[in-house]
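Spelled out from the first residue to the last, the chains are:
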Amino acid sequence: MKKLNYRDFNTACGRNIFLTRTKHRYSREYLARMAGISPKFLYEIEMGRKGCSSYVICRLADALGVGVDYLLDSTPEDRDNLENLCSSFHGAQRESLILIIRLMYDMIQPY
């Protein structure tokens, strides 16, 4: 993770929340309700205007079906590039790609 100041970190996290929410086609009101916060507060978080507690990040991550690290990643470009690459494969090709990635992951894990 690259070193960011507080404002840039909030902006990056807010963007991740916004992009994930829109990818799931959730309205701001729906996600806010699922996370137990107001839509206005969610808007402020997504715009990077406000930070939030770790509890709220956990609630948002849970509502979006992603890990907290996914929302806190300040360098999503690599992740987005991988997702775009994977989305270009279909059917058996996609299954083969997933198998290859799992095998590579298992190979580099420390024992």
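Residues numbered from 1 in each chain as written. Predicted model: local features only at pLDDT ≥ 70, side-chain atom pairs only at ≥ 80, totals over all residues. Heavy atoms only, no water.

1. Things to note about the overall build of the protein
Stage number 1. From N to C terminus, the protein includes seven helices and zero strands.
Stage number 2. The long-range share in the protein, meaning contacts at least 24 apart out of those at least 6 apart in sequence, stands at 52%.
Stage number 3. Accessible surface, the protein: about 7900 Å² in total, of which carbon and sulfur atoms supply 58%. (Helix = DSSP H or I, 4+ residues; strand = E, 2+ residues; numbered from the N terminus. Contact = heavy atoms within 4.5 Å. Areas by Shrake-Rupley, 256 points an atom, 1.4 Å probe, with all protein chains shown as cover.)

2. Some details on helix H2 (residues 28-35)
Stage number 1. Along H2, the residues that are buried comprise Arg28, Leu31, Ala32 and Ala35. Along the axis of H2, the buried positions cluster into a sector of 100°, meaning they face one direction only.
Stage number 2. Structurally, H2 contributes buried residues whose contacts are with helix H1 (6-23), helix H3 (39-46) and helix H4 (54-64).
Stage number 3. Of the residues trailing H2, Gly36 is marked for its positive phi of about 75°. (Buried < 20%, exposed > 50% of the residue type's maximum accessible area, 1.4 Å probe, protein only. Arc of directions from axis to C-beta.)

3. Overview of the nonpolar core
Buried together is how nonpolar side chains tend to be arranged in soluble globular proteins.
Stage number 1. Core analysis: the largest hydrophobic core is formed by 15 residues, its most contacted members being Ile17, Leu31, Ile37, Leu42, Leu60 and Leu71.
Stage number 2. Top contributing element to this core by residue count: H4, with six residues.
Stage number 3. When residues no more than four places from it in sequence are discounted, the contact partners of Ile17 are Leu31, Leu42, Ile45, Glu46, Ile57, Leu60, Leu64 and Leu71. (Core = buried A, V, L, I, M, F, W, Y, C linked by side-chain atoms within 4.5 Å.)

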